[in-house]
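These are the residues of each chain, in order.
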Amino acid sequence: DWSQTCALPIYLRVVSVNSGEVLLSVTTTKTIISFADNINMMRFVDAGTLSIEGEAGHAINESVNLATQRAIEAAVVEMIRYGEKKKYWSFIKK
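Residues numbered from 1 in each chain as written. Predicted model: local features only at pLDDT ≥ 70, side-chain atom pairs only at ≥ 80, totals over all residues. Heavy atoms only, no water.

Chemist: Describe the environment of Ala56, and please don't skip the residues or the numbers.
Modeler: Structurally, the position occupied by Ala56 is in strand β3 (residues 50-61). For Ala56 and Asn40, which are 16 residues apart along the polypeptide, the C-alpha to C-alpha distance reads 6.7 Å. The residues contacting Ala56, other than those within four sequence positions of it, are Asp37, Asn38 and Ile39. (Helix = DSSP H or I, 4+ residues; strand = E, 2+ residues; numbered from the N terminus. Contact = heavy atoms within 4.5 Å.)

Chemist: Can you break down the sheet that holds strand β2 (residues 22-45) residue by residue, with the values?
Modeler: Here three strands make up an open sheet; going across it, the order is β1-β2-β3 and the pairing antiparallel. Each edge of the open sheet carries a strand with a single partner, namely β1 (2-15) and β3. On average, each strand axis in the sheet is tilted by 15 degrees relative to the strand beside it, whichever way the strands run. In this sheet, β2 lies alongside β1 in antiparallel orientation, the contact comprising 14 bridges. Note that in β2 the partner of Tyr11 across the bridge is Thr27. (Pairing = 2+ DSSP bridges. Axes fitted to C-alpha atoms, helices over the stretch in contact; angles between N-to-C directions.)

In short, shape yes, function no, at least from these values alone.
This is the structure we're talking about:
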């Protein structure tokens, strides 16, 4: 059995088109997880003249595309909240 994790960082910036100044910068990280499980078997039959070997296993990997989409969405939501807090934009209450 084993598992592996990889970090996927996403960096977003809002840049002023007038001055080129970076107004906002947000970083999010999504962890991508992989799991694997396998079974090995070896058996010797007839006083060591015949061997039988078998192996079975499976792996589960989180979708990299889905993980990337979720990381980008989280960064955009954080950017929107941060921009509203800095008064770069506001929301109309309904």
